[in-house]
Structures are given as structure tokens and as C-alpha cells.
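What follows is the residue order along each chain.
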Amino acid sequence: MDALGEMKDWLGYGPEDTERLRAFWDFAQPEIDGIVEHFYREVQRHEGSAQVLTSPHQIQRLKSTLQVWLSEVIQGPHDEAYAHRRQAIGRRHVEVGLPELYTFTAMYLVEDDLLALARSSLSPEDAIATCRSLRKVLTMDLALMTGTYVLSRERKQLDVLQGLLVEHLRVCVILVDSDDIVLSATRAATRLLGDRLTFGGRWQDAMPIGLIDACDLEIQLKRSLKRRQRLTLPRVDVTSSSTTRCFRIEMTPLSHPTATFLLHLEDLTDAVALEARMQRAEALAQLGTLSTAVAHELRNPLAGISGVLQVITSGMDEDEPHRTILTKVEAEVRRLDALVSDLLSFARPKKATLVPISMRPLALEITSMLQPDWPRIQFEVRGEGKALADEDQVRQILHNLLRNAVDAVEGSGCVQIDLEDARIFVSDDGPGVPPEVRRSIFEPFVTTKSRGTGLGLAISAQAADAMDGALALADQGPLDGACFVLMLRPV
Ligand code: HEM
């Protein structure tokens, strides 16, 4: 027996109750408006019930629904459909946040008004029987309405909890149906995918650009779905012109009438970059130890060779045939000595002392110092800049960058320094940095010059780092050649 049948059985509700109530309708109908008005006066008089009401328009609408409800209570039929409508009222009350105590108290009001009406309009005998029928049907009504309360409230709480999960879970998860349509997604997914993600749109359109092609995702996913197997792609790299983003992808097939699979996307870019930085730091530390050892081994013999060469050449005539060879050897020794100095600077980076510095005078000083050595270079300093930096280290970095620029234009061309707040751009009109070395240009021993040590930029990047700044290669420079940018801390 269903719940309604069971209640009827308990209450002894039968066809005679239906008949009696129908007969009562003739007396009740003219009084319905009054009962409804009384109901809403009381509802509005009590703070707890009044606060779920939102507008006069809504109250007006509710009055009409209550009239219909009253007419159904009295006229029936009290069947299955009737029971479902009562349960729906309970669910609606939970949705609007109406505690059930108000349903009970309001039901008492209605009952009181209807019983009073029956007693005043019917013969004492009919009134007693009609009052009993009214109490039966109102009890059923109340039981049906409030019976759904617990269930609906639990469902509502579950919805709230699920909402919290969807809102705060820091993983990017998308639910997709059999037509590839996004049904739902966590907040983290919206953050990761931005405007590309739309509910009702295709999951393929929501993916980061290049991701699907990078791993044939669509094909792999369809294949796994067909076999009802989970798909895991531990790392997919998506490379665009200037950046590489790394993702972990997992697809879980679901057994659900609407949701077909769950797509879990994880952006590993920062984690991968951090790991690479740590590996690099470790490698650099080892390289530093090695460099120090090599530098110390070379420094003393080099000083010795240099001294001997000077003694020999000073005693030679200008036209001595071996003199030119020895001069070349001397130049090579000087180059090796410079390498030793670079190795030591690289292995033991200096600590930075940050003070506010004006960059324009510094840039002008360095360019005017270099100018006499390269008369065919047109140096230019533009703009103004201030930064919290270590003057010696900025000087060293600028020196390195300017020397590289001069080398790039092969001693003749334009080299320009642009100052912008705490940033310094050094550009030249040379051929630019070849694409194949752009990624590794700041690595030690990477050089495009035939005679460079390959440590200048690595040392400069290290110095920038020590000042809490960064040294980078810009995508494009104002003079169409290379453009390096030194970013420092603003004052
Ligand atoms: C005997 C007690 C009550 C009955 C028979 C009753 C009946 C109804 C009915 C038929 C609906 C429409 C349901 C639907 O749209 O599916 C409804 C909704 C509602 N009821 Fe009641 N109600 C009762 C008590 C109360 C009380 C005490 C309040 C207190 C303010 C209240 C506030 C509301 C509100 C705010 C709605 C939603 C209206 C909307 O959709 O904007 N009800 N109720």
C-alpha cells in the first residue's frame, strides 16, 4: 500500500468523507477569500514566516495558490496526483527556506477557520461529521507536505555541500555528456580555462589551444571510452611561439544516464618550471665547484707564463721574427686569464646590496667609457629610470650586454639603451639571437661568438637574480636586432 492509502486506512477516510466535504463546498466557497486573507495576515504578522516572503506580487500569487489548494482540500479528488501536489508544496517550502513549524502553525489556522465555518453553517450533526472529515484530509495534507521536508532539506544540504566542493576544490574537473557537451565543471576549471569553458559548449572548445593536437586527445579519449577504460596522460607539453605549458590529463568513463565521462586537467607548468629551476640550481652548484677548482689550477701557471712572456718580449727587437708569435701567445694567455676571472665570478656570485639608483647617469657613464674604443658605434640612451639595485652589479650587467651588442653589430652600428621605470632595455641593430640558442642563451658556456667564454650572460643573469630582478631576452627589439631586458626592483 502506498503512503496515501496507508494514511487513509489509519484515519478511516472513505467515500462518505469525500461526499460530505463536497457538500460542504457550497458553504465554504463564499468564505475562501476571507480565510486566505486571514492566513496571509497571520503569516506576515510573524517575523519568522514573514521573512521568506519577498514581494507584494509574490503574496498576491500565493493567495491564488492557497485558494486553489483550499478548493482541492474540500472538493478532492484525494488521489495520487493530489498527494504528489502536496509533496511538491513541501519541497517548494524547503527551497524558499520556510521552516516546517510555520506549516504546522499555519495549518492550525486554516483548520480552525474551516471547522468554525462548518459549525456555524451546518446542522450540529452534519457539523460534527464534516469537522471529522476536514481534520482527516488536513492531517493527510500536513503529513504529505511535511513528509518531503526531511528529504528535500537533506538534498538541499547535499546540493550546498556539492556546491562547496565544486567551488573550492582546487582541481580542474569537467563533466561531459555523450554529445561532447560540458554539463558541469569545478570553479578551478573555470579559472584555468577562462572564457573557453561554457556550460552547454563542446569540451573540445574549452581545452587550452594546442592541447588536443599535442597528444591526439580526441582520438585517445574516444578509444578509451569505447573500451570503458580510464585514460591517463602523465605529461603533455603544449608549445606556442614564446611559452610551453605542461598538463596532466585523466579521463574517467562514468556509468550515468547523462554524464558520460569526467575530464581531469592539471596544469603542471609551474611545478615543471620549479623542478627545472631546482635541477638547474643543483647543476650550477656542481659547475661552480668545478669552475673554482679549475680556475685555481689555471690562475698561477697563467700568471707565470704571462710574466715569462713579458720578460722574453721586452728583451726582443721590434723586428724580431718570433715577436709576433709571442704577442699572439700573450693575447691568448690574457684571454685565458679573462676566462679564469669569469669562472670565479660565476662560481662565487657576489651578494647584492640594494640601494636606490638613478639609471640614466650610470648608462651615460658606461656608454661614454666604451665610445672611444668603438668610434663607429652609435650609442644612444633614452628615457629615465630608477631602481633598487646594486650599482656595481648593474654596471657589470650593462657592460656585458653592451659588449655583446657591439660584438653583434661587428663594431659598426647602433646600440640603444631604453630606460623605463625599473627596466633597462639594451638593443642593437645586429642580426639578432638565432632561434636555436634563444632558449639556452643564459646557460653557462652557451655563446654565439667564436671567441666568447659563454659566461657573460650567465653571470649577468645570476647578478640580476641576486638583486631580486631578472634578465630576459625580449621577443622583439626596437632596432630589429637583439633586445635584452633587465628588470629590477622598483624604488
Ligand atoms: C497550510 C500551510 C500552507 C500551504 C497549504 C501552502 C501552500 C503553498 C503552495 C500551494 C505553494 C505553491 C507551490 C508551488 O509553486 O509548487 C506554496 C509556496 C510557497 N509558500 Fe506556502 N503554504 C503554506 C504555508 C506557508 C507559510 C506559513 C508560508 C510563510 C511565508 C509560506 C510561504 C510560501 C512561499 C514563500 C512559497 C513560494 C512562493 C514562490 O514560488 O514564490 N507558505 N505554498
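Another aspect to go through is the overall build of the chain. The helix and strand tally for the chain stands at 18 helices and eleven strands. Taking 491 residues into account, the globule formula puts the C-alpha radius of gyration at 23 Å, and the chain, at 42 Å, lies well above it. In terms of overall dimensions, the chain has a C-alpha envelope of 150 × 55 × 35 Å along the principal axes. For the chain, buried positions account for 24% of its 491 residues. Across the chain, contacts joining residues at least 24 apart in sequence account for 62% of those joining residues at least 6 apart.

Packing of helix H6 (residues 80-96) against helix H8 (residues 124-168) leaves a shortest axis separation of 7 Å and a crossing angle of 45°. The angle between H6 and H8 places the two elements in the oblique class. Crossing of H6 over H8 shows right-handed handedness. Contact residues: H6 offers Ala83, Arg86, Gln87, Ile89, Gly90, Arg91 and Val94, while H8 offers Asp141, Leu144, Met145, Thr146, Gly147, Thr148, Tyr149, Ser152, Arg153 and Lys156. A class-by-class count of the residues in the contact of H6 with H8 yields six nonpolar, six polar and five charged.

Neighbouring the ligand are 20 residues, the closest being Ser49, Thr65, Arg92, Tyr102 and Ala106. When residues of the shell around the ligand are traced back to their parent elements, those giving at least two are helix H5 (56-75), H6 and helix H7 (100-121).

Attention now moves to helix H2 (residues 15-28). Between its first and last C-alpha atoms H2 spans 19 Å; for 14 residues at 1.5 Å apiece the expected length is 20 Å, and the two agree. Residues of H2 that are buried: Asp17, Leu21, Phe24 and Ala28. For H2, the arc enclosing every buried residue in end-on projection is 60°, short of the 170-degree limit, so these residues lie on one face. Along H2, exposed side chains directed more than 90 degrees from the buried face belong to Pro15, Glu16, Glu19 and Asp26.

Across the sheet, five strands lie side by side as S2-S1-S5-S4-S3; this open sheet has antiparallel pairing. Of all strands in the sheet, those bounded by a partner on one side alone are strand S2 (182-185) and strand S3 (231-239). The sheet shows a mean angle of 25° between the axes of neighbouring strands, direction not considered. On the sheet, helix H12 (residues 217-226) packs against S3, strand S4 (244-253) and strand S5 (259-267) and is oriented at approximately 20° with respect to S4.

Glancing now at the domain arrangement of the chain. Domain parsing of the chain yields domain 1 (3-150), domain 2 (172-267), domain 3 (272-347) and domain 4 (355-487). Here domain 1 and domain 4 have C-alpha centroids that lie 85 Å from each other.

Turning our eyes to something else, we now look at the packing of helix H3 (residues 32-45) against H5. The N-to-C vectors of H3 and H5 enclose an angle of 130°; their axes lie 10 Å apart at closest approach. Compared by their axis directions, H3 and H5 come out oblique. Crossing of H3 against H5: the hand is right-handed. Of the residues in H5, those touching H3 at Ile32, Ile35, Val36, Phe39 and Tyr40 are Ile59, Lys63, Leu66, Gln67 and Leu70. Classifying every residue of the contact of H3 with H5 by side-chain character gives eight nonpolar, one polar and one charged.

With that out of the way, let us pick up the environment of threonine 139. Here threonine 139 shows up in helix H8. As a C-alpha pair, threonine 139 and glycine 304 span 165 residues in sequence and 111 Å in three-dimensional space.

Another aspect to go through is unusual backbone geometry. In terms of backbone geometry, most residues other than glycine have negative phi values and most peptide bonds are trans. Of note, the bond from glycine 76 into proline 77 is cis; its omega dihedral lies within 30 degrees of zero at -5°. Turning to its location among the elements, proline 77 is positioned in the loop between H5 and H6. Phi is positive for aspartate 421, which is not a glycine, with a value near 50°. Note on placement: aspartate 421 falls in strand S8 (residues 413-421). Of note in the backbone geometry, aspartate 468 takes a positive phi value of approximately 65° without being a glycine. The class for aspartate 468 is partly exposed, based on 13 C-beta atoms found within 10 Å.

Another aspect to go through is the sheet that holds strand S9 (residues 423-428). Working definition: the strands of a sheet are paired by backbone hydrogen bonds and lie parallel or antiparallel to each other. The strand order across the open sheet built from six strands is S6-S7-S8-S9-S11-S10, with neighbouring strands paired in mixed fashion. What marks the edges here is a single partner per strand, and that holds for strand S6 (355-358) and strand S10 (470-473). On average, adjacent strands in this sheet sit at an angle of 20° to one another, irrespective of strand direction. The sheet contact formed by S8 and S9 spans six bridges and is antiparallel.

Moving on: the nonpolar core. Among the nonpolar cores identified, the biggest contains 44 residues, and Ile397, Ala405 and Val426 are the most heavily contacted of them. Elements supplying a minimum of two residues to this core: helix H14 (323-347), helix H15 (359-370), strand S7 (377-389), helix H16 (391-408), S8, S9, helix H18 (456-466) and strand S11 (483-487). The leading source of residues in this core is H16, at eight residues. Of the domains in this structure, domain 3 (272-347) and domain 4 (355-487) are the two that each give at least three residues to this core.

This part is about the environment of glutamine 60. Relative to the helices and strands, glutamine 60 resides in helix H5. On the neighbour-count criterion, glutamine 60 (10 C-beta atoms within 10 Å) is exposed. Along the chain, glutamine 60 and threonine 232 lie 172 residues apart, while their C-alpha atoms are 57 Å from each other.

With respect to the secondary-structure elements, serine 412 resides in the loop between H16 and S8. Through-space distance from the C-alpha of serine 412 to that of arginine 202 is 56 Å; in sequence the pair is 210 residues apart. Setting aside residues up to four positions removed in sequence, serine 412 forms contacts with Arg376 and Ile377.

Here is what the cut-offs are and how they apply
Residues numbered from 1 in each chain as written. Predicted model: local features only at pLDDT ≥ 70, side-chain atom pairs only at ≥ 80, totals over all residues. Helix = DSSP H or I, 4+ residues; strand = E, 2+ residues; numbered from the N terminus. Rg over C-alpha atoms; globule rule 2.2 N^0.38 Å. Buried ≥ 20, exposed ≤ 12 C-beta atoms within 10 Å, placed from the backbone. Contact = placed C-beta atoms within 7 Å. Axes fitted to C-alpha atoms, helices over the stretch in contact; angles between N-to-C directions. Parallel < 35°, antiparallel > 145°, perpendicular 65-115°, else oblique. Left-handed = near helix turned anticlockwise from the far one by under 90°. Nonpolar A, V, L, I, M, F, W, Y, C, P; charged D, E, K, R; others polar. Near = placed C-beta within 6 Å. Expected span 1.5 Å × (residues − 1). Arc of directions from axis to C-beta. Pairing = 2+ DSSP bridges. Domains from an automatic or database assignment. Core = buried A, V, L, I, M, F, W, Y, C linked by C-beta atoms within 7 Å.

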